[in-house]
Amino acid sequence: QLLTEDITSMLNSGTKILFLTPNERNAQNLIELLTKNGISAVNYAGKLYPDTVCVQVEESETMPKGFELPSAGFALLTDGAVGSEVMPCRKPRAISKKAERIISYTDLSVGDLVVHVNHGIGRFVGIQNLITEGAARDYIKIVYADGGILYVPCDQLDLVNKYIGDENTKLSKMGGAEWKKAKIRAKAAASNIAKDLIRLYAERRARAGYAFPPDDDFQEEFEGSFEFEDTEGQTIATKEIKDDMERSYPMDRLLCGDVGFGKTEVALRAAFKAVFAGKQVAFLVPTTILALQHYQTLVSRFRGYPVEIAMLCRFVTKKEQEESVSKLKSGKLNIIVGTHRLLQKDVEFKDLGLLIVDEEQRFGVTHKEKLKQLAKDVDVLTLTATPNPRTLNMALSGIRDMSVLEEAPVDRVPVQTFVLEHEEDILNEAIRRELRRGGQVFYLHNFVDSIYSKASEISKAFPDHTVAVAHGQMGKDELNDVWQDMVEGKIDILVCTTIIETGVNITNANTLIIEEANRMGLSQLHQIRGRVGRSSRKAYAYLTYRKGAVLTEIAEKRLEAIREFTEFGSGFKIAMRDLELRGAGNILGAEQSGHMEAIGYDLYVKILEDAVNAERGIEPKAERNCIVDLRVDAFIPEKYISTPKLRMDVYRKIVTVSDEEEKKDLEDELEDRFGEQPEQVRNLVNVSLIRHAAMDAGFTSIEEKEGVVVFYHPALDPSAAMKLPSSPGFHGRVMLTLSGKMHIALRMPPECDLLGDVRKILKLYINYSQKDIDKEELS
């Protein structure tokens with residue numbers, strides 16, 4: 001549908017289209033698909049026609065990238081699998097450990113600094129396929145300060161993380177003592193910080209809060225009246241928040257979810273619970289437009305319930321504001337939505353029970369201090385799509401509780417994002433396309449003094465369409481009218497400032513143009529881009545910078561990141577990239593910053609988590625690793641996934657596969673995205689299963705030498721090991737020694753299922769070691 005919509009739009013504008021496919025089968029599939037959808041498509045015969053798609057076979061291992069030249073009226077499209085059957089993807093299983101999930105959002109590119117837990121900070125230079133003793137595997141190559149090179153098998157990628165910290169940090173020396181010293185120093189500092197964290201935890205738990213009662217029939221009825229089906233993340237987050245509210249100490253929970261993932265609905269359920277327990281709710285937002293939108297949503301969702309809702313912002317007259325403040329004080333008002341006006345001295349609550357803060361990072365230091373006073377002994381729920389580095393830091397370190405919404409609503413399509421020099425022809429064509437399909441356009445020009453002349457220019461280019469202006473200095477009635485017209489579809493092109501940044505929800509607006517995007521922050525760009533693509537229609541965002549402008553390194557990286565992170569769930573990636581560009585900020589003081597930079601953010605957070613657990617008396621998990629070195633080809637062929645970055649992403653997914661259900665989910669995803677798996681990829685997934693089972697059972701390595709597979713274990717269970725020789729299919733011996741490594745040696749018969757047999761032996765050993773076996777019987 002999206003393909004045909006784009007092609008129809010190009011053909012209507014007189015663009016000539018050449019479509020490259022890798023083979024005859026795909027070419028035929030494409031022609032049939034387009035013809036079925038009413039588009040004329042033919043095999044390319046040396047001449048291009050503007051009203052026909054010309055299809056040509058291009059037999060090459062890697063397809064060239066497509067491009068469009070609007071001024072020349074030509075587009076080259078390429079695809080390797082148009083018309084292939086799409087298999088349904090399973091729902092991902094709920095992830096209980098949010099910190100692990102968020103840290104995994106860091107992507108590796110050639111040239112990035114990486115941290116190997118045992119060898120320190122090095123530079124990632126690419127993936128290399130090596131053949132050792134007849135078996136081919138992919139390795140990531142890391143270069144260190146002394147010219148040392150480390151090859152890490154891609155099935156051990158969990159030992160390597162992207163370095164987040166000072167980009168100018170020195171590389172470690174391989175085998176040098178400095179890395180070990182840096183880790184020891186970080187552990188000592190983390191131990192001190194952990195004591196302070198535990199004190200903060202204790203103080204928060206000791207504060208008297210209000211324990212809300214369990215859900216009643218009204219709560220169930222309210223949640224059941226939601227017009228859309230809940231995502232799994234919404235269900236889990238709602239439960240976590242309500243569980244917190246029912247505890248006797250104040251809630252402090254962060255709800256992270258990408259733009260349009262349904263955070264507001266989860267917050268409304270918490271508000272309903274608070275109101276029907278007799279408490280008041282304050283909903284604090286950063287902008288007047290967002291206040292208006294939340295107010296309208298609240299009125300709509302609470303219709304039919306005896307709940308009084310009001311709004312405090314500059315859209316409301318002074319008299320109405322005074323009336324609302326009076327009702328708040330007397331307890332007649334249940335829910336108040338407002339901007340920083342809520343934080344002024346005259347606003348008092350009779351019985352505030354819940355404070356909801358939308359996009360906390362948009363409030364300044366002074367406002368945050370007032371927030372702390374307002375939120376004392378009150379349950380607090382903070383909503384954000386892109387937490388700022390300090391907030392994310394605190395959530396990952398365990399100071400704040402966190403819920404995560406990871407799934408996009410059904411039928412959403414990621415926003416196609418372009419970063420380019422400001423080019424009138426291209427931008428006007430983008431606007432024309434949106435208007436042709438009956439949509440609306442946001443044109444962001446963030447300069448109030450010249451915004452009207454910009455709107456006039458656009459009106460001249462599009463005389464038959466309605467162009468309007470919106471900015472923060474307009475009067476409340478004027479801005480309200482503009483906004484109402486935009487919602488009702490009376491405005492075709494809205495020339496605006498960053499006033500649209502948060503919460504604006506207009507499903508018919510699906511093209512966004514931003515002037516001088518290089519002057520904006522990464523999270524801000526992500527938020528603004530979230531104003532389009534809020535329906536099943538494909539949306540486009542054009543991030544432009546002045547012709548000939550010299551971009552700073554940071555601005556260039558921001559624009560590259562926003563272009564790169566277009567898929568759903570990118571809010572966390574954006575936040576992690578922000579950590580990289582801006583630094584982590586302090587949690588409890590400056591003393592930890594140096595340690596973060598010395599060993600990298602990921603490793604520091606892990607060390608801090610272990611230190612906090614130790615203070616609580618929780619034994620830290622022993623560091624486990626198992627090297628699996630079997631003579632099988634286990635890698636992702638370039639023909640299967642040609643993009644190195646995408647290959648790395650899939651390797652990261654494969655390395656986490658630890659059971660049959662995860663294996664099935666991953667196989668479904670791979671076949672859906674890339675087609676049937678080659679044998680090398682199936683082997684790789686099975687090696688991951690073996691590695692996880694071996695680590696759980698305490699094995700340190702499984703190596704194949706001349707047809708014999710040796711399982712090494714530092715504390716082999718003798719009773720379990722002695723049971724193995726009598727097991728069906730066991731062709732080997734068990735060696736229990738008082739010195740050296742205890743091991744099981746398995747002789748592999750010819751034509752055996754190597755990976756299957758190894759998994760079988762591991763399962764048997766684990767089963768035997770879990771049963772009570774009479775030790776005397778074995779003596």
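Check the entry above for the structure.
The rules behind the values
- Residues numbered from 1 in each chain as written.
- Predicted model: local features only at pLDDT ≥ 70, side-chain atom pairs only at ≥ 80, totals over all residues.
- Heavy atoms only, no water.
- Helix = DSSP H or I, 4+ residues; strand = E, 2+ residues; numbered from the N terminus.
- Contact = heavy atoms within 4.5 Å.
- Areas by Shrake-Rupley, 256 points an atom, 1.4 Å probe, with all protein chains shown as cover.
- Phe/Tyr/Trp six-rings, centres within 6.5 Å; stacked < 30°, edge-to-face > 60°.
- Buried < 20%, exposed > 50% of the residue type's maximum accessible area, 1.4 Å probe, protein only.
- Lys NZ or Arg CZ within 6 Å of the ring centre and 35° of its normal.
- Pairing = 2+ DSSP bridges.
- Axes fitted to C-alpha atoms, helices over the stretch in contact; angles between N-to-C directions.
- Parallel < 35°, antiparallel > 145°, perpendicular 65-115°, else oblique.
- Nonpolar A, V, L, I, M, F, W, Y, C, P; charged D, E, K, R; others polar.
- Salt bridge = Lys/Arg side-chain N within 4 Å of Asp/Glu carboxyl O.
- Expected span 1.5 Å × (residues − 1).
- Arc of directions from axis to C-beta.
- Right-handed = clockwise from strand over helix to strand, strands pointing away.

Participant: Tell me about the overall build of the chain, and name the residues and values.
Facilitator: For the chain, the helix and strand inventory stands at 25 helices and 28 strands. Counting only contacts in the chain whose residues sit at least 6 apart along the sequence, the fraction spanning at least 24 positions is 75%. For the chain, the exposed surface amounts to about 36400 Å²; the carbon and sulfur share of it is 49%.

Participant: Explain the packing of aromatic side chains residue by residue, including any values.
Facilitator: The full count for this structure, using the stated rule, is 15 aromatic pairs. A ring pair is formed by F67 and F74, whose centres lie 6.1 Å apart and whose planes are at 55 degrees; its orientation type is tilted. With a centroid separation of 6.0 Å and an interplanar angle of 85 degrees, the aromatic rings of F276 and Y305 are classed as edge-to-face. Taken together, the positions of F276 in the loop between α7 (263-275) and β12 (280-284) and Y305 in the loop between α8 (288-301) and β13 (309-312) put the pair 29 residues apart, joining distant regions of the chain. By relative accessible area, Y305 is classed as buried at 15%. A connected cluster of aromatic rings, assembled from ring pairs, spans F218, F222, F272, F276, F302 and Y305. Directly above the aromatic system of Y210 lies the positively charged group of K279, at a separation of 4.3 Å from the ring centroid.

Participant: Let's hear about the sheet that holds strand β17 (residues 401-405): which residues, and what values?
Facilitator: Pairing within the open sheet is parallel, and its seven strands lie in the order β13-β14-β12-β15-β16-β11-β17. Each end of this open sheet is capped by a strand with a single partner; those strands are β13 and β17. Going across the sheet, the axis of each strand differs from the next one's by a mean of 20 degrees, ignoring polarity. Where strand β15 (residues 352-358) and strand β16 (residues 379-384) come together, five bridges link them in parallel fashion.

Participant: Describe in detail the environment of Q321, supporting the description with residues and values.
Facilitator: Within the element layout of this structure, Q321 appears in helix α9 (residues 318-330). As for Q321 and R341, which are separated by 20 residues in sequence, their C-alpha atoms are 9.7 Å apart. Not counting the four nearest positions on each side in its chain, Q321 is found in contact with L312, C313, R314, V316 and R341.

Participant: Any chance you could break down the packing of helix α1 (residues 2-12) against helix α2 (residues 24-36) for me, citing the residues and the numbers?
Facilitator: Interhelical geometry of α1 versus α2 gives an angle of 75 degrees and a closest axis separation of 11 Å. For the element pair α1 / α2, the angle class is roughly perpendicular. Along its contact with α1, which presents L3, T4 and I7, the element α2 presents L30, L33 and L34. When grouped by side-chain class, the residues that make up the contact of α1 with α2 number five nonpolar, one polar and no charged.

Participant: Outline the pattern of salt bridges, listing residues and values.
Facilitator: Overall, the coordinates contain 37 salt bridges when judged by the stated rule. In this structure, the salt-bridge partner of R185 is E178, at a minimum N-O distance of 3.0 Å. Among the ionic pairs, E240 bridges to R253, the shortest N-O distance being 3.7 Å. Here the residue E240 occupies a position in helix α6 (residues 232-245), and R253 occupies one in strand β11 (residues 252-257), the gap between them amounting to 13 residues. Through salt bridges with shared partners, one network takes in E68, E429, R432, R433 and R436.

Participant: Could you give an account of unusual backbone geometry, with specific residues and numbers?
Facilitator: If you check the backbone angles, E516 has positive phi at about 50 degrees while not being a glycine. Its location among the elements puts E516 in the loop between β22 (509-514) and α15 (522-529). Looking at E516, the relative accessible area reads 10%, which means it is buried.

Participant: Tell me about α9, and name the residues and values.
Facilitator: With 13 residues, α9 should cover 18 Å at 1.5 Å per step; its first-to-last C-alpha distance of 19 Å lies within 8% of that length. Burial in α9 covers these residues: Q321, S324, V325 and L328. Projected onto a plane normal to the axis of α9, the buried residues spread over an arc of 100 degrees and lie on a single side. Summarising the contacts, the buried residues of α9 are in contact with β12, β13 and β14 (335-338). At the C-terminal side of α9, G331 shows a positive phi close to 90 degrees.

Participant: How would you summarise the pairing of β22 if you had to cite specific residues and measurements?
Facilitator: Within β22, six of the six residues are buried, which leaves the element mostly enclosed by the surrounding structure. Note that strand β19 (residues 440-444) and β22 share five bridges and pair parallel. If you follow Q440 over to β22, its bridge partner there is A509. After leaving β22, the chain enters α15 and then returns to the sheet as strand β23 (residues 540-545), a path that is right-handed.

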